[in-house]
Amino acid sequence: MNANLIQKTMGFNHLVDIKEGWVDRRIFCEQDIYEQELYRIFARSWLFVAHDSQIPNPGDFLTTTMGEDGVIVSRQKDGSVKVFLNSCPHRGNKVCFADAGNARRFTCNYHGWSFDSAGSLMGMHEEYCYDPGDIDKSTHGLKQVAHVDSYKGLIFANFDPDARTLEEWLGDFRWYLDILLDNEEGGTELIGGCIKSEINANWKLGVENFIGDAYHAGWTHDSGARAMNNGEPFPAVDMENSFHASVNGHGWEFGLEGMGDLVLLGRPKVIEYYQKIRPDMAKRLGEMRSKIFGSVASASIFPNLSFLPGISTFRQWHPKGPWKFELKTWVIVNKAMPDDIKDEITKGVMQTFGPGGSFEMDDGENWENCTTVNRGVVTRQERLHYRCGINRQVDDHPVLPGLVYRGQYNDANQRNFYQHWVDMMEAPTAKDIPYRWEPKFGGLETRDFPGLDGLEKGGK
Amino acid sequence: MTNGPVQAEAPSIELIMSLQQVLYREARLMDAERYSEWVEMLADDLHYFMPGIETRYRRDKTDQVGDTTRMAYYNDTLDDLKKRLRRLETGTAWSEDPATRYTHLITNIEVELTDQDDQFRVYSNFLAYRNRNERDQDTLIGNREDIWRRKGSSYELLKRTIILKQNVLLSKNLNVYL
């Protein structure tokens, strides 16, 4: 990161104390802190920008935001992906107004500056108006994002030239991600289109809800659970056999019962399908991960990507100021699934976790009120309680990597999310962000390891 | 949405009037959250569909309305819709208590005959206003294309395609039927 982007250190350590278990409410509302989040977190993190399946062919593109920076994600002729700012270097106008499509050129509406699918400046309207020496077209393309890389179909980009690699960023969280991305041969795809909605709440509230807040589900979503499951409330949580796991600020909370999320999707055919492939999943990913799959579970990748493995909603929380975010919702399915199963999953997701979904409908109002109450200057100085399960850390779990806590009702992943938030807010450069969990699977294909206990054997 | 040609055989005034009344009655039931009565107006083989509409260039031929495998707010059978409605009956739908206040305005009603004697295509526009708590409010505007089927002395909704004019839904949820 360009050092001058990181302005004077404000000090953020005092805003979060995960050992005591509290978070200062000002991180959910103050404009100064939000601006620093854009510089220190969004401009230095690996951010999800697209799934491979959204832009399969050369010239396919989509537009999205990295923090509040608008970017174009563009598939190249050689199959690689470039990500560049959606802003003309001449006067700054957008050069693309569509959500997605296929284009050979992105042309600015203002003065007709035209860029190819790699973002290079190709020409402009009435080019003769520039004298020799006025402009070097080769240096006036759309600004490229420093790094683009992908993990099993998910394309990430990072503005920070000094960033660690994507593999280092995801670290051992890859072991968990395989449950979603690699549970069947062929990998995943997103269903076409995208549902976007706007919620007047701080972006972190959505992320922390998915990273670890199983606790809210049984209460907030009692009505949704009963609607989807013949009047039955949420299944009771087995506090012995359920966990929080956190790596580098990413987190996954999960049971081991294998069915909870599948039942909530409300689609018997989908349950049948997964039960059919589960034995193969166990061979592919090991016993533990095949049990995690389908259980009541939720997960987020730091800073702003979330999903429910088993229910198959896949979503990103785009910050729009401290008081607002835009939620993009997709459906993630396995490529190998027959069309009718993909269709069943898509309908089930939109019935549960679309804006009109029986679960989603009750979340927005909570998050909005958690944010807007902080308009009060006295209210915003009150600390929030994050101590649930603070003494339940499991040291040296034989199978599960990461910072592991027992009991799905827990604030552990949320605490570790905010620890990573502080770590990034404080770190002068990306290399200074501490590892709270030293990677054990560095350079290895995590799919091949049923768990930490398989490491000595070198995988299956 | 289809744009049928002006028909040689026009629907009768009586038919137009009776279908208009059906749409108004439906709107009144939705305004009052009288969903059990609304469900009675829906056919067992209902398809209730509201696709998500992306912003795409004119040259882009992606079929955002006709392709029902893409992302949609609603892509429901009658059973699916009943499941959504069941949430309200649980008494624990917290974000509906206090109740949301609704008004549906239905306009631009146009009736067409179809090649099925007992089915009628009905176009309409809607403005659905919601207000809750102190000052939460939003307005949803769009078009609908329906097929209504004669059932006894009245009609039942067989198919509805809703095109909402928002790209980003400017609301925290969609606890409303259109």
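How each quantity is defined
Residues numbered from 1 in each chain as written. Chains lettered and ligands numbered in written order. Predicted model: local features only at pLDDT ≥ 70, side-chain atom pairs only at ≥ 80, totals over all residues. Heavy atoms only, no water. 1 Å grid on protein atoms, 1.4 Å probe; cavity = no way out; pocket = protein on both sides within 12 Å on 5 of 7 lines; lining within 4 Å. Points joined across faces, edges and corners; volume = space filled by probe spheres on them. Nonpolar A, V, L, I, M, F, W, Y, C, P; charged D, E, K, R; others polar. Contact = heavy atoms within 4.5 Å. Buried area = accessible area lost by both parts, 1.4 Å probe. Salt bridge = Lys/Arg side-chain N within 4 Å of Asp/Glu carboxyl O. Polar contact = N/O pair within 3.5 Å; in protein donor to acceptor, adjacent residues only side chain to side chain. Helix = DSSP H or I, 4+ residues; strand = E, 2+ residues; numbered from the N terminus. Pairing = 2+ DSSP bridges. Domains from an automatic or database assignment. Axes fitted to C-alpha atoms, helices over the stretch in contact; angles between N-to-C directions. Core = buried A, V, L, I, M, F, W, Y, C linked by side-chain atoms within 4.5 Å. Buried < 20%, exposed > 50% of the residue type's maximum accessible area, 1.4 Å probe, protein only.

Caption draft 1: Main features of empty space enclosed by the protein. All names here are of chain A. Overall, the coordinates contain six cavities of 30 Å³ or more when judged by the stated rule. The computed volume of the largest cavity comes to approximately 200 Å³. His216, Ala217, Ala297, Leu308 and Phe353 are the residues nearest the centre of the largest cavity, which is lined by 19 residues in total. Partitioned by chemical class, the residues of the lining of the largest cavity number 11 nonpolar, four polar and four charged.

Caption draft 2: Representation of the interface of chain B and chain A. Residue-level contacts link 38 residues of chain B with 48 residues of chain A. Carbon and sulfur atoms make up 53% of the surface buried where chain B meets chain A, a total of about 3600 Å² over both sides. Our count for the contact surface shared by chain B and chain A stands at five salt bridges. A salt bridge links Glu365(A) to Arg132(B), with the nearest nitrogen and oxygen atoms 2.6 Å apart. The interface formed by chain B and chain A holds 24 residue pairs in polar contact (both at pLDDT 80 or more) in total. Residue assignment for the side of chain B that touches chain A shows that the elements contributing at least two residues are strand S2 (72-76), helix H3 (78-89) and strand S7 (168-169) of chain B. Residues that form the side of chain B that touches chain A fall into these classes: 11 nonpolar, 13 polar and 14 charged. Here strand S14 (residues 195-199) of chain A pairs with S7(B) via two bridges, running parallel. For Ser197(A), the partnering residue across the bridge sits in S7(B) and is Leu169(B).

Caption draft 3: Expanded view of the domain arrangement of chain A. Residues and elements named next belong to chain A. When the domains of chain A are assigned, the result is domain 1 (47-149) and domain 2 (167-454). The C-alpha centroid of domain 2 is placed 33 Å from the C-alpha centroid of domain 1. Opposite the 11 residues of domain 1 that make contact, domain 2 presents 16 residues. Remark: the boundary between domain 1 and domain 2 carries one salt bridge. Here Lys196 makes a salt bridge to Asp99, at a shortest N to O gap of 3.0 Å.

Caption draft 4: Molecular detail of the sheet that holds strand S6 (residues 81-85) of chain A. Residues and elements named next belong to chain A. Pairing within the open sheet is antiparallel, and its four strands lie in the order S6-S5-S4-S7. Each edge of the sheet is formed by a strand with only one pairing partner; in this case those strands are S6 and strand S7 (100-102). For this sheet, the mean inter-axis angle between neighbouring strands, taken without regard to orientation, is 25 degrees. By the bridge criterion, six bridges tie strand S4 (residues 60-66) to strand S5 (residues 69-75) in an arrangement that is antiparallel. Across the sheet, residue Thr65 finds its bridge partner in S5, namely Gly70.

Caption draft 5: Structural context of the sheet that holds strand S11 (residues 147-151) of chain A. Residue and element names in this part refer to chain A. On the basis of which strands lie adjacent, the open sheet formed by three strands has the order S3-S12-S11 and antiparallel pairing. Single-partner strands in this sheet number two, and they are strand S3 (47-51) and S11. Each strand of the sheet is rotated relative to its neighbour by a mean of 30 degrees, with strand direction disregarded. Of the strand pairs in this sheet, S11 and strand S12 (residues 154-158) are connected by five bridges, and their pairing is antiparallel.

Caption draft 6: Highlighting the nonpolar core. In this structure, Tyr176(A), Trp252(A), Phe254(A), Phe314(A), Ile345(A), Trp421(A) and Trp38(B) are the most contacted members of the largest nonpolar core, which totals 160 residues. Residue-level mapping places this core at the junction of two domains, with at least three residues from each of domain 1 (47-149) and domain 2 (167-454) of chain A. Core analysis: the second largest hydrophobic core is formed by 15 residues, Phe61(A), Phe106(A), Cys108(A) and Met124(A) among them.

Caption draft 7: Representation of the pairing of S6(A) within the structure. Residues and elements named next belong to chain A. Looking at chain direction, S5 and S6 are connected through five bridges and run antiparallel. Bridge pairing in S6 links Ile72 to Phe84. Once S5 ends, the chain turns through five residues before running back antiparallel as S6, passing Gly79 with a positive phi of about 90 degrees.

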